[in-house]
Amino acid sequence: MNDFIEFSIIIPLKSWSQDLGESLTYIGQLSFRSYEVILLPDEPLMLPEAYASMRIEIVPTGKVNPAVKRDIGAEKARGAFLAFIDDDAYPRSDWLDVAHRVFKEREDVGALGGPGITPKTDPFWARVSGAVFLSPTSGGFPERYTPCPPSRRVDDWPSVNLIVRKLAFDSVGGFDSNYWPGEDTLFCLKITRETDWGILYVPDLIVWHHRRPGLQKHLRQVGRYGLHRGYFVRKYPETSLRFKYFIPSVWLGFV
């Protein structure tokens with residue numbers, strides 16, 4: 001790996017986990033080698049020896065939300081592009097190659113979003129959770145969970161697979177948010193509303209994202225997102241006041 005850094009991969013987390021180890025293993029297999037990894041745990045973290053050869057910076061943040069962690073990571077970043085991914089997700093080997101090509105071809109694009117696919121190795125109920133998100137009638141966006149060509153502009157994308165020009169990130173002041181979840185919705189809105197850059201959905205920009213393993217954890221996650229979306233319907237209706245977000249409530253009322 002040479003000294004020039006094109007991408008800064010930013011991963012917020014609480015502490016070491018098996019999923020993080022898996023993520024770092026796959027990151028180490030990326031074919032595009034001009035990158036660094038910035039880990040943002042709550043407390044100081046000692047990495048296993050297996051990752052000693054990787055360019056990894058560990059920045060303890062204390063117990064703050066993921067939006068604050070990502071802003072701290074962006075301040076430390078040396079790359080021209082900030083690649084955000086969660087600690088329970090891992091990229092395909094050409095993840096950064098695809099991003100690099102699209103950014104070079106599309107100077108009008110400030111950020112790229114790609115699908116977070118449920119791994120086939122996930123337990124049964126985790127795969128069921130992923131299947132729920134694939135349904136348009138669940139109030140979701142299937143393209144966020146499986147490749148759905150063609151590429152197209154979007155105005156809201158989850159930060160599990162979001163790669164941003166650092167110039168665009170800095171121009172809107174980063175995430176700068178106390179919201180969680182929902183910080184990515186507000187961040188994307190700032191890019192589309194306050195800059196001339198757009199956000200492009202790229203179906204080949206692939207990561208795999210583990211799902212919640214049981215019904216209770218799935219419902220808790222969906223409940224948190226539903227709560228923030230309901231608040232955003234009033235505060236930021238530009239991207240949240242959409243009929244598909246109300247489909248689950250309509251269905252429940254019908255039942």
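Just above, that's the structure.
Undergrad: How should the pairing of strand β1 (residues 7-12) be read in this particular structure?
TA: On a regular strand, one side chain projects to one face of the sheet and the next to the other, so that they alternate. Within β1, six of the six residues are buried, which leaves it mostly tucked inside the rest of the structure. The alternating pattern of β1 places Phe7, Ile9 and Ile11 on one face and Ser8, Ile10 and Pro12 on the opposite face, and all of these are buried. Pairing of β1 with strand β2 (residues 35-40), which is carried by six bridges, proceeds in the parallel orientation. Along β2, the bridge assignment pairs Ile10 with Ile38. In this fold, the crossover linking β1 to β2 by way of helix α1 (residues 18-27) has right-handed handedness. With four bridges joining them, β1 and strand β4 (residues 81-85) adopt parallel strand pairing. Within β4, the residue paired with Phe7 across the bridge is Phe81.

Undergrad: Sorry if this is basic, but what is going on with unusual backbone geometry here?
TA: Backbone geometry follows two general trends: most residues other than glycine have a negative phi, and most peptide bonds adopt the trans configuration. Look at the link from Pro149 to Pro150: it is a cis peptide, with omega at 5°. Counting through the fold element by element, Pro150 comes out in the loop between α4 (124-134) and β8 (152-154).

Undergrad: Where do I start with helix α3 (residues 95-105) in this structure?
TA: In an α-helix, one full turn covers 3.6 residues, which means residues spaced three or four apart are oriented alike. Buried within α3 are the following residues: Trp95, Leu96, Val98, Ala99, Val102 and Phe103. With its buried residues spanning 155° around the axis, α3 presents them on a single face. Residues of α3 that are exposed and point more than 90 degrees away from the buried face comprise Lys104 and Glu105.

Undergrad: Please clarify how the environment of Leu40 should be interpreted in this entry.
TA: Here Leu40 is to be found in strand β2. Classification of Leu40 by relative accessible area gives buried; the value is 0%. Sequence separation between Leu40 and Lys69 is 29 residues; the distance between their C-alpha atoms is 6.2 Å.

Undergrad: I would appreciate a short explanation of the pattern of salt bridges in the present structure.
TA: Think of it this way: side chains of opposite charge can pair up when their charged atoms draw near. For the coordinates displayed, the defined rule picks out eleven salt bridges. Glu6 is the partner of Lys104 in a salt bridge, and the nearest nitrogen-oxygen pair spans 3.8 Å. Placement of the pair is Lys104 in helix α3 and Glu6 in the segment before β1, with a sequence separation of 98 residues. Notably, a salt bridge pairs Glu183 with Arg70, separated by 2.7 Å at the nearest N-O pair. With Glu183 in helix α6 (residues 183-194) and Arg70 in helix α2 (residues 66-76), this residue pair connects regions lying 113 residues apart in the sequence. Judged by its relative accessible area of 3%, Glu183 is buried.

Undergrad: Would you mind showing me how to read the packing of aromatic side chains here?
TA: Any aromatic ring pair is given by two values, namely how distant the centres are and how the planes are angled relative to each other. Per the stated rule, a full pass over the model turns up twelve aromatic pairs. Between Tyr90 and Trp208, the ring centres sit 5.6 Å apart and the planes meet at 20°, which makes this aromatic pair stacked. You can see Tyr90 sitting in strand β5 (residues 89-91) and its partner Trp208 sitting in strand β11 (residues 207-209), a full 118 residues away along the chain. Classification of Tyr90 by relative accessible area gives buried; the value is 7%. Geometry around Phe141 places Arg144 over its ring, the cationic atom sitting 4.3 Å from the centre.

Undergrad: Help me out: how do you make sense of the sheet that holds strand β3 (residues 56-58) in this one?
TA: Strands pair in a sheet through their backbones, by hydrogen bonds, and they do so in one of two ways: parallel or antiparallel. Strand order in the open sheet made by the eight strands is β3-β2-β1-β4-β9-β6-β10-β8, with mixed pairing throughout. Where the open sheet ends on each side, the last strands, each with one partner, are β3 and β8. The mean inter-strand angle of the sheet, taken between neighbouring strand axes irrespective of direction, is 25°. Across three bridges, strand β6 (residues 109-113) lies against strand β9 (residues 161-165) in antiparallel orientation. Looking across to β9, one finds that Leu112 is bridged to Ile163. In the packing of α3 onto the sheet, the strands contacted are β1, β2, β4, β6, β9 and β10 (198-201), and the crossing angle to β9 comes to about 40°.

Undergrad: Looking at this structure, how should I read the pairing of β9?
TA: Most of β9 is tucked away, with five of its five residues classed as buried. Of the two faces of β9, both are covered, the one formed by Asn161, Ile163 and Arg165 as well as the one formed by Leu162 and Val164.

Undergrad: Sorry if this is basic, but what is going on with the sheet that holds strand β7 (residues 116-117) here?
TA: Judged by pairing direction, the sheet is mixed, and its three strands sit side by side in the order β5-β11-β7 without closing on themselves. Taken across any chain shown, the strands that pair with only one partner, and hence form the sheet edges, are β5 and β7. Pairing of β5 with β11, which is carried by three bridges, proceeds in the antiparallel orientation. Directly across from Tyr90, in β11, lies its bridge partner Trp208.

The rules behind each value
- Residues numbered from 1 in each chain as written.
- Predicted model: local features only at pLDDT ≥ 70, side-chain atom pairs only at ≥ 80, totals over all residues.
- Heavy atoms only, no water.
- Buried < 20%, exposed > 50% of the residue type's maximum accessible area, 1.4 Å probe, protein only.
- Helix = DSSP H or I, 4+ residues; strand = E, 2+ residues; numbered from the N terminus.
- Pairing = 2+ DSSP bridges.
- Right-handed = clockwise from strand over helix to strand, strands pointing away.
- Arc of directions from axis to C-beta.
- Salt bridge = Lys/Arg side-chain N within 4 Å of Asp/Glu carboxyl O.
- Phe/Tyr/Trp six-rings, centres within 6.5 Å; stacked < 30°, edge-to-face > 60°.
- Lys NZ or Arg CZ within 6 Å of the ring centre and 35° of its normal.
- Axes fitted to C-alpha atoms, helices over the stretch in contact; angles between N-to-C directions.
- Contact = heavy atoms within 4.5 Å.

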